[in-house]
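# Remarks on the overall topology
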Amino acid sequence: MRERLISLLHRSPPLPPHHGHVAQIHALLLRSDPDLLPLFLDRLLLGLYPSAAAVRHARKLFDALPQPDSVLCSSVVSACSKLSLHREALAAFYSAHRKGSPILFLAIPPVLKSCAWLPAADQGKQVHCHVLLRGLGSNVFIQAALIDFYCKTGDLGSARRAFDEIAFKDAVTVNCLISMYVKCGAVDEARRQFDEMVHRDVVAWSAMIAGYAQNGRPDEALELFEMMKAENCKPNEVTLVSVLSASAQLGSVEFGQHIGSYIESQELASGVYVGSALVDMYSKCGNIGGARRLFSKMKQRDVITWNSMIAGLAFNGFAQEAFDLYHRMRDQHFKPTDVTFVGLLTACTHTGRVEQGLAFFRSMKREHGIAPKVEHCACIVDLFCRSGRLEDAYKFIREMETEPNVVIWGTLLSACRIHSNVELAEVAVKKLVVLEPNNSSNYVLLSNIYANAGRWEEARKMRDLMRCKNVQKLYAYSWIELEGAVHKFLVDDTSHPSCDEIYKAVDGLSLQLKWVGYDPNLELI
């Protein structure tokens, strides 16, 4: 009987977890020959399809073994980690350790990955201690996993020490460290490491440019891209998408056109990934003609491409074209996403189409199974507010399934100023001072609303409350693009090299405005 079972398990293909005979074979082995359970588990793991149920069945088998062998331990931990069952991966690793089973180095990277994702910083450090005790610290895969773990859990010092302990640092290892720094937002650390590299490949350039773009530093991302071109390193799709993202953040029409022309002249926009990003960048820079032209030329489009074009039309005031494009998208059997509806609702908001906006909003869940997010709700609130329907906006906010955020309450407050609705303004500010107590604009707006209503005592109390809480007014800046350079200006700013000439011009314009009888509105100052 035993020989027959062994032969059957070896000869049969790997067992899929949903196979009808799995439970029967398991029961037979438990009753007839429990020693064959490790072999059965091995065959089951070989046939694993990405399924949480499959792994949990394998875990039950694994936990029942008194002392599983090292290969089996590695297989179970790896399977759990691959399927993002990170708690199960960690539990299996600890279970094997408690039972005294020797653990192969193959189990270390997946369990560190699980510790990083949970996050489980203390358990990951215990795994690191185990690595050192077993003398596995020089394994390059474990070293890379340790760097990844420490970066993702925010311990950059330990990540750096793990990197420094690597005897031979190849480009792959250095790129790994740069990428990890970038993911943690430590862009300056990443740049220092980048600058120390003797030979930089496209991966290093892409990681560094992406780091700047993802952390709100578009100028440095674009500057680095120019350096990359100067060193004749050809960008890949990842590089270009990051560059386009930086251009879109900057909003520079001239630079956006420059980047777009470069990408199209090098025939790098043919792929759907870069093409979609270029459509998005053109739209955000106001070049809706360029976005339309590129969209029409694209031979392949995915839902991101359609969403980028719909949003571009919506934000640039072409609402009807956005609706028409949405219907074309549906006709070509593309399923809309939550991003699609942000674009459609924005188009409705910009054109005051309340009923159409509500129809789109209701269709999300009813027709497409998409649960509205806070950004969709914000669009509806904005739509009501722009139409002067403040009570409807407030009713909608109270009935929201998601928690209203500062954007939603801020939209209502701004509308209350326009329509002089003191009662709703007070409601909005009560929420806002809890959500963002140091935002001066909320206090200023309510103070001005009180003043406009002739309620001077309440207006004074709001200003006093600002002083009591030491809330400082934040000064915004204005900017202009001239000859490829973006110039920023703050109130009383004297840092610009041409500030004397600028102030003379401003003073001259002020005098001319007074001569023609212009009376400035200073109520929000």
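Residues numbered from 1 in each chain as written. Predicted model: local features only at pLDDT ≥ 70, side-chain atom pairs only at ≥ 80, totals over all residues. Heavy atoms only, no water.

## Let's talk about the overall build of the chain
Note the following rule: Secondary structure is summarised from DSSP: a helix means a run of H or I of at least four residues, a strand means a run of E of at least two, and numbering begins at the N terminus for each. Any residue under 20% of the maximum accessible area for its type is buried, any over 50% is exposed, and the rest in between are partly exposed; the area is computed with a 1.4 Å probe on protein chains only. In what follows, a contact means two residues having at least one pair of non-hydrogen atoms within 4.5 Å.
Helix and strand counts for the chain come out as 29 helices and 2 strands. Taking all 525 residues of the chain together, 45% fall into the buried category. Here the contacts in the chain between residues at least 6 apart in sequence split such that 59% fall between residues at least 24 apart.

## Thoughts on the side chain of Ser95
Tracing the chain through its elements places Ser95 in helix α6 (residues 86-98). Setting aside residues no more than four positions away along its own chain, Ser95 makes contact with Phe62 and Asp63.

## Comments concerning the side chain of Ser247
For Ser247, the location among the structural elements is in helix α15 (residues 237-250). Its relative accessible area of 2% is what places Ser247 among the buried residues. Aside from chain neighbours lying at most four places away, what touches Ser247 is Leu222, Ser252, Phe255, Ile259, Met281 and Cys285.

## A look at the UniProt feature "repeat: PPR" (unreviewed entry) in the chain
What counts here: UniProt positions are given in the numbering used here, feature names are shortened, and annotations may be inferred rather than shown by experiment.
As recorded in UniProt, the feature "repeat: PPR" (unreviewed entry) lies at residues 170-200, 201-235, 302-336 and 439-473. Helix makes up 74% of residues 302-336 and strand 0%, whereas the separation of the span's terminal C-alpha atoms amounts to 11 Å.

## Description of the packing of aromatic side chains
What counts, and what does not: Any pair of Phe, Tyr and Trp rings, taking the six-membered ring for Trp, is counted once the centres come within 6.5 Å. Such a pair is stacked with planes under 30 degrees apart, edge-to-face with planes over 60 apart, and tilted for the rest. Put simply, a charge is over a ring when the Lys NZ or the Arg CZ is close to the ring centre, within 6 Å, and near the line of the ring normal, within 35 degrees.
Tallied over the full model, the rule gives 11 aromatic pairs. Between the aromatic rings of Phe225 and Tyr262, the centroid separation amounts to 5.8 Å while the plane-to-plane angle is 75 degrees, which identifies the pairing as edge-to-face. With a gap of 37 residues between them, Phe225 in helix α14 (residues 218-230) and Tyr262 in helix α16 (residues 253-265) connect regions that are remote in the sequence. Looking at Tyr262, the relative accessible area reads 17%, which means it is buried. These aromatic residues form a ring-pair network of at least three members: Phe323, Tyr326, Phe341 and Phe360. Positioned above the aromatic ring of Tyr262 is the side chain of Lys229, whose terminal nitrogen or guanidinium carbon lies 4.4 Å from the ring centre. In this structure, Arg301 is placed above the aromatic ring of Phe295, and the distance from its NZ or CZ to the ring centre is 4.2 Å.

## As for the layout of surface pockets
To keep things clear, this is the line we draw: Grid points spaced at 1 Å and placed over the protein atoms alone form the basis of the search, with a cavity being a set where a 1.4 Å probe fits but cannot get out and a pocket an open set showing protein on both sides within 12 Å along at least five of seven lines. Lining residues have an atom within 4 Å of a point. Grid points are joined across faces, edges and corners, and a volume is the space filled by probe spheres set on the points. For this classification, the nonpolar set comprises Ala, Val, Leu, Ile, Met, Phe, Trp, Tyr, Cys and Pro, the charged set comprises Asp, Glu, Lys and Arg, and every other residue, Gly included, is treated as polar.
What the largest pocket holds in volume is close to 270 Å³. Lining the largest pocket, in full, are Phe361, Arg362, Lys365, Ala371, Pro372, Cys377, Phe396, Glu399, Met400, Glu401 and Thr402. It is helix α22 (residues 354-368) that contributes the most residues to the lining of the largest pocket, 3 residues altogether. Taken together, the residues that form the lining of the largest pocket break down as 6 nonpolar, 1 polar and 4 charged. Roughly 220 Å³ of volume is contained in the second largest pocket. Lining the second largest pocket, in full, are Glu264, Glu267, Leu268, Ala269, Ser270, Leu294, Lys297, Met298 and Lys299. Counted by class, the lining of the second largest pocket contains 4 nonpolar, 1 polar and 4 charged residues.

## Quick word on the pattern of salt bridges
Stated precisely, the cut-off is as follows: One side-chain nitrogen of Lys or Arg within 4 Å of one carboxyl oxygen of Asp or Glu is enough to make a salt bridge.
Using the criterion set out here, one finds 22 salt bridges in the structure. Among the salt bridges present, the one from Arg292 reaches Glu321, with a minimum N-O distance of 3.0 Å. Of the two residues, Arg292 sits in helix α18 (residues 288-297) while Glu321 sits in helix α20 (residues 319-331), which places them 29 residues apart along the sequence. Arg292 sits in the partly exposed class, given a relative accessible area of 28%. On the accessibility criterion, Glu321 (34% relative accessible area) is partly exposed. Between Arg460 and Asp464 there is a salt bridge, with the nearest N and O atoms lying 2.6 Å from each other.

## Some details on the confidence of the model for the chain
This is how the line gets drawn: In predicted models, pLDDT denotes the confidence assigned by the predictor to each residue on a 0 to 100 scale.
Per-chain confidence: the chain averages 83 in pLDDT, with 85% of residues scoring 70 or above. When the criterion is pLDDT under 50, residues 8-20 qualifies, and its contacts beyond four places in sequence or with other chains add up to 23 contacts.

## Quick notes on unusual backbone geometry
Omega for the peptide link from Leu118 to Pro119 comes to -15 degrees, which places this bond in the cis form. Note that Pro119 resides in the loop between α7 (108-117) and α8 (121-133). If you check the backbone angles, Asn232 has positive phi at about 60 degrees while not being a glycine. In this fold, Asn232 is placed in the loop between α14 and α15. With a phi angle near 55 degrees, Ser420 is a residue other than glycine that sits in the positive phi range.

## As for helix α9 (residues 140-152)
The line we're drawing: In this analysis, the expected span of each helix is defined as 1.5 Å times one less than the number of residues it contains. A 3.5 Å cut-off defines polar contacts: any pair of N or O atoms within that distance qualifies, except that in protein one atom must be a possible hydrogen donor and the other a possible acceptor, and neighbouring residues in sequence count only when both atoms are side-chain atoms.
The end-to-end C-alpha distance of α9, which contains 13 residues, comes to 18 Å, matching closely the 18 Å that a straight helix rising 1.5 Å per residue would cover. Buried residues belonging to α9 abut α7, α8, α10 (156-164) and α11 (171-183). A distance of 2.9 Å separates the backbone nitrogen of Phe141 from a side-chain oxygen at the start of α9, and that oxygen is part of Asn139. At the exit of α9 stands Gly154, carrying a positive phi of roughly 80 degrees.

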